[in-house]
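# Secondary and tertiary structure notes
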Amino acid sequence: MIIDLASVGKNPKTIELRFEPVNIDLDDGMQLAENAVFNGEISREGTRTRVKGNISTVVSTECSRCLEPVAKDIDLEFEAVFVDAADEPTADELELAVEELDESLITDDKIDMSEVVREQLILAMIEKVLCQEDCKGLCPQCGGNRNLIDCKCEENAIDPRWAALKNLK
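Scoring rules and cut-offs
- Residues numbered from 1 in each chain as written.
- Predicted model: local features only at pLDDT ≥ 70, side-chain atom pairs only at ≥ 80, totals over all residues.
- Heavy atoms only, no water.
- Helix = DSSP H or I, 4+ residues; strand = E, 2+ residues; numbered from the N terminus.
- Polar contact = N/O pair within 3.5 Å; in protein donor to acceptor, adjacent residues only side chain to side chain.
- Phe/Tyr/Trp six-rings, centres within 6.5 Å; stacked < 30°, edge-to-face > 60°.
- Buried < 20%, exposed > 50% of the residue type's maximum accessible area, 1.4 Å probe, protein only.
- Patch = residues over 30% accessible without salt bridge, like charges linked within 9 Å, V, L, I, M, F, W, Y side chains within 5 Å.
- Areas by Shrake-Rupley, 256 points an atom, 1.4 Å probe, with all protein chains shown as cover.
- Salt bridge = Lys/Arg side-chain N within 4 Å of Asp/Glu carboxyl O.
- Core = buried A, V, L, I, M, F, W, Y, C linked by side-chain atoms within 4.5 Å.
- Contact = heavy atoms within 4.5 Å.

This paragraph deals with the side chain of asparagine 54. With respect to the element layout, asparagine 54 can be found in strand S5 (residues 48-62). At 3.1 Å, the side chain of asparagine 54 forms a polar contact with the side chain of glutamate 77.

This brings us to the packing of aromatic side chains. Using the criterion set out here, one finds 1 aromatic pair in the structure. Ring centres 5.8 Å apart and planes at 45° place the aromatic pair phenylalanine 38 and phenylalanine 78 in the tilted group. One end of the pair, phenylalanine 38, is in strand S4 (residues 36-45); the other, phenylalanine 78, is in strand S6 (residues 69-84), and 40 residues separate them in sequence. Of the two residues, phenylalanine 38 and phenylalanine 78, neither departs from the other in class, the shared state being buried.

A cluster of nonpolar residues, Trp162, Leu165 and Leu168, forms a patch on the protein surface that exposes about 370 Å² of accessible area. For leucine 165, the position within the fold is in the segment after helix H2 (153-156).

On to the nonpolar core, then. Grouped together as the largest cluster of nonpolar side chains are 34 residues, with contacts concentrated most on Phe38, Ile111, Met113 and Leu121. Of the residues forming this core, the biggest block, 6 residues, is contributed by S6. Setting aside its immediate chain neighbours within four residues, phenylalanine 38 contacts Ile15, Glu16, Leu17, Phe19, Val51, Lys52, Gly53, Asn54, Ile55, Phe78, Met113 and Val117.

Function cannot be read off these values alone, since they describe shape.
This is the structure:
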């Protein structure tokens, strides 16, 4: 969904959008498990356009320890500010105010809301997703999922530097 900023004024305009999983391409290992729903508003103040609202969906990813699929419910409030790139200073070095750090530049007076939703979902995902808080992960020897099997690899493993001592009696 592309929003033409010529149609946006000072008064907030309500937006309700639904994105199918095929329309939002998340990073490797992550994908939408169901439609992403955006409810919010957009308004314009001079050269700044403010988009704020709520995104709710389910993201499917894999556990950081055992690689099993994990579905994470996402319900996130956010606010994004877009500034026309033509109105920005062109100096090589520029001091930014704190509130300017979260601004995004736009070049053609259009905002691609699917890209905004994609970015917010990626930012909302925590770095380390676990299937359960006490996930045991994969065995480094046999590769088995320690949550499902009770392998004895660690008990039977001998450090090759000490293997010669095994034969001493």
